Amino acid sequence: MSLISMEFLLFVLTAVTGYYLIPKKYQWIWLLVFSYIYYASAGVRLVFFLVYTTVTAYAAGRLMERVEEKQKKKRVLVGCLLLNFGMLSVLKYTDFVIDNLNKIFHMNLSFWTMILPLGISFYIFQAMGYILDVYWGRCKAERNLFRFALFVSFFPQILQGPIGRYHRLSEQLYEEHAFHLRQIQYGLQLMLWGFFKKLVLADRAAVLVNQVSANYMEYTGVTVLAAVLMYSVQLYMDFSGGMNVVEGVAELFGIELDRNFKRPYFAVSITDFWHRWHITLGTWMKDYVFYPVSLSKWMGRFGKWSKAVFGKKTGRLIPISLANVIVFLLVGVWHGAAWKYIVYGLYNGLLIAAGSLLAPVYQKEKKRFHISDGSKGWRLWQISRTFILVNISWYFDIAPDLAGAFQMMKNTLTDFRFSVLRDGSLLAMGLDRLDYIILFLGCTIVFIVSVLQERGVKIRETVGRKPMVLRWLLYGLLVFGTPMFGHVMTTAGGFIYAQF
Amino acid sequence: MEKLIEILEEIQPNADYKNCDRLIDDEILDSFAILSIIGEIEDEFGVSVTPAEIVPENFNSAEAIWKMIEKLKEVC
């Protein structure tokens, strides 16, 4: 059931109506039932994988609390991690391994071609985060299997996150919620905003991106560049729009999910970008991979060696940078079983590591040229530089494979003519003049909203204080304008991140 | 405590470590800074910090970091 469908809206309406009509102590059970119905609607067989993760994580949590000995506890943890990440790896990467074996050793192994259960990367990460928290004593193991099942399966977030943390999400899921009209209003507003971003902007921008990526050998120069810039629009509006819908639906139940976006294109560095883009994946990787790897015994030994060789300051940063590259390699692999994603991860990891190692050099140069961190010009330069670096990484996303990504980069620099913008070529790729005007106006609206949010303005509260006529005019514009100007025909209901 | 403040100022200058109690919440210390601090703490005070200790409550202020060191010393 796509988030963008009448069925989904009716499903949510039914779930919310019942949620506030039944006795409050049963609300969490109601949510669990609806979560499983939602997941089963994608395929009843897929429920097996969800139950598998739920039961193994629940059992491991309970077992770890009963076991006193640290080594035994560790064995339970490792077992649970292997069972779940093992399953994820088999489902997600078997064909990738077979493909590479066939190519390297000229073998003829047949592919498994398994369908990846929807949202599996998201709910496994959420459940494994919980298990690690129990192991480290950050939270107590959940005693009720069904309550835990709701934490893993809560339907708004199961397909594309955000990846929730047990200590923040579980309490909200299990506590009783009274009906508050303002909460419903806020939830609906957020959903509407998400639909606008997805239908009017993301799906429209996708037309040009798909055309160029499917026929990348035919396009050069400005056309490829336009497609990459358009992908910036598509991916952000698609993912953040989807998140707005998900957050809005959760808010209808009185549940506040962790934020996944904080105006990423205003980032001043790649590190800052990852603090603003897909935040819950970044913090998951930081807490459960980056810190453990950095504090591991072997990394400690490497750190001592590195300090002895490179001196205290640089030597201290080298092992941290290495752990960071490992993390981003995993981020790349998480995105998909393809070399292009591995290079995408490495690219980001190496940029962050280089930025950190070269920080003293930057500081020195900034002092030499009297550049102040607070100056607007410097900030604008940092934002532009980061935006360009991020756009380079999108080549790996758009292209069908790694060779295609490099070819597209090369094509961008070939036959670079601005006349393409005037000769009508861009109008012969599925989007007409009106489409470009809608995209421009829509992006301008999102940009203004983002600037206001960056300055601390709370949009929904501000809109709420405006006269009723103005408010309803705005809601009316969004309600009627979104389907009217939305690129519904090409949507087919899919969100990019739901495939991960 | 003075030694700790010295370490913090060396790793991440321009912060009021004596009064600030939102070092993590206000993103004054990022993950690279936290790990650098841990590295120095381990060398200086002979304690061992595990991932379990890396929570905002332990790193939001110099005082919280100091308390964590004291606690870890007891374990050692």
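Residues numbered from 1 in each chain as written. Chains lettered and ligands numbered in written order. Predicted model: local features only at pLDDT ≥ 70, side-chain atom pairs only at ≥ 80, totals over all residues. Heavy atoms only, no water.

## Details of the domain arrangement of chain A
Residues and elements named next belong to chain A. Split by domain assignment, chain A resolves into domain 1 (6-179) and domain 2 (183-499). Summarising the inter-unit geometry, the C-alpha centres of domain 1 and domain 2 are found 26 Å apart. Taken together, the contact between domain 1 and domain 2 spans 44 residues of the former and 38 residues of the latter. Buried area between domain 1 and domain 2, both sides added, is near 3,300 Å², and the carbon and sulfur share of it is 67%. The largest share of the area that domain 1 buries against domain 2 comes from Gln160, Pro162 and Arg165, three residues that together contribute 20% of it. Summed over the shared surface of domain 1 and domain 2, the number is two salt bridges. The closest approach of N and O atoms between aspartate 258 and arginine 168, which form a salt bridge, is 2.9 Å. When contributions to the side of domain 1 that touches domain 2 are tallied by element, the ones reaching two or more residues are helix H1 (6-21), helix H4 (70-105), helix H5 (120-135) and helix H7 (166-174). Examining the composition of the side of domain 1 that touches domain 2, we find that eight residues originate from one element, H5, more than from any other. (Domains from an automatic or database assignment. Contact = heavy atoms within 4.5 Å. Buried area = accessible area lost by both parts, 1.4 Å probe. Salt bridge = Lys/Arg side-chain N within 4 Å of Asp/Glu carboxyl O. Helix = DSSP H or I, 4+ residues; strand = E, 2+ residues; numbered from the N terminus.)

## Things to note about the nonpolar core
All names here are of chain A. Counting 172 residues, the largest nonpolar core has Phe253, Trp277 and Trp394 as its most contacted members. By residue number, the principal contributor to this core is helix H9 (residues 221-252), which donates 18 residues. In this structure, this core is formed jointly by two domains, domain 1 (6-179) and domain 2 (183-499), each of which donates at least three residues. (Core = buried A, V, L, I, M, F, W, Y, C linked by side-chain atoms within 4.5 Å. Buried < 20%, exposed > 50% of the residue type's maximum accessible area, 1.4 Å probe, protein only.)

## Looking at the packing of aromatic side chains
Residue and element names in this part refer to chain A. Going through the model one piece at a time under the given rule, you end up with 54 aromatic pairs over all chains. On the basis of an interplanar angle of 90 degrees and a centroid distance of 5.9 Å, the ring pair of phenylalanine 273 and tryptophan 274 is categorised as edge-to-face. Of the two residues examined, phenylalanine 273 and tryptophan 274, each falls in the buried class. Relative to phenylalanine 328, the ring of tryptophan 274 has its centre 5.3 Å away and its plane inclined at 70 degrees; by these criteria the two rings are edge-to-face. Here phenylalanine 328 lies in helix H13 (residues 312-335) and tryptophan 274 lies in helix H10 (residues 270-276), a separation of 54 residues in the sequence. The pair formed by tryptophan 274 and phenylalanine 328 is uniform in burial state, with each residue classed as buried. Connected via pairs of aromatic rings, a cluster forms that spans Phe8, Phe11, Tyr19, Tyr20, Trp30, Phe34, Tyr38, Phe154, Phe155, Phe179 and Phe253. Over the ring of tryptophan 334 we find lysine 92, and its NZ or CZ is 5.3 Å from the ring centre. (Phe/Tyr/Trp six-rings, centres within 6.5 Å; stacked < 30°, edge-to-face > 60°. Lys NZ or Arg CZ within 6 Å of the ring centre and 35° of its normal.)

## Focus: the interface of chain B and chain A
Facing the 18 residues of chain B at the interface are 19 residues of chain A. Contact between chain B and chain A buries roughly 1,700 Å² in total, counting both sides, with carbon and sulfur atoms accounting for 64%. When the area that chain B buries against chain A is broken down by residue, the three leading residues are Phe32, Leu35 and Pro51 of chain B, summing to 39%. The interface formed by chain B and chain A holds seven salt bridges in total. Residues glutamate 40 of chain B and arginine 316 of chain A are paired through a salt bridge, measuring 3.2 Å at the closest nitrogen-oxygen approach. Inspection of the region where chain B meets chain A yields six residue pairs in polar contact (both at pLDDT 80 or more). When residues in the side of chain B that touches chain A are grouped by element, the largest group, nine residues, is from helix H2 (residues 31-45) of chain B. Its residues assigned to classes, the side of chain B that touches chain A shows ten nonpolar, four polar and four charged. (Polar contact = N/O pair within 3.5 Å; in protein donor to acceptor, adjacent residues only side chain to side chain. Nonpolar A, V, L, I, M, F, W, Y, C, P; charged D, E, K, R; others polar.)

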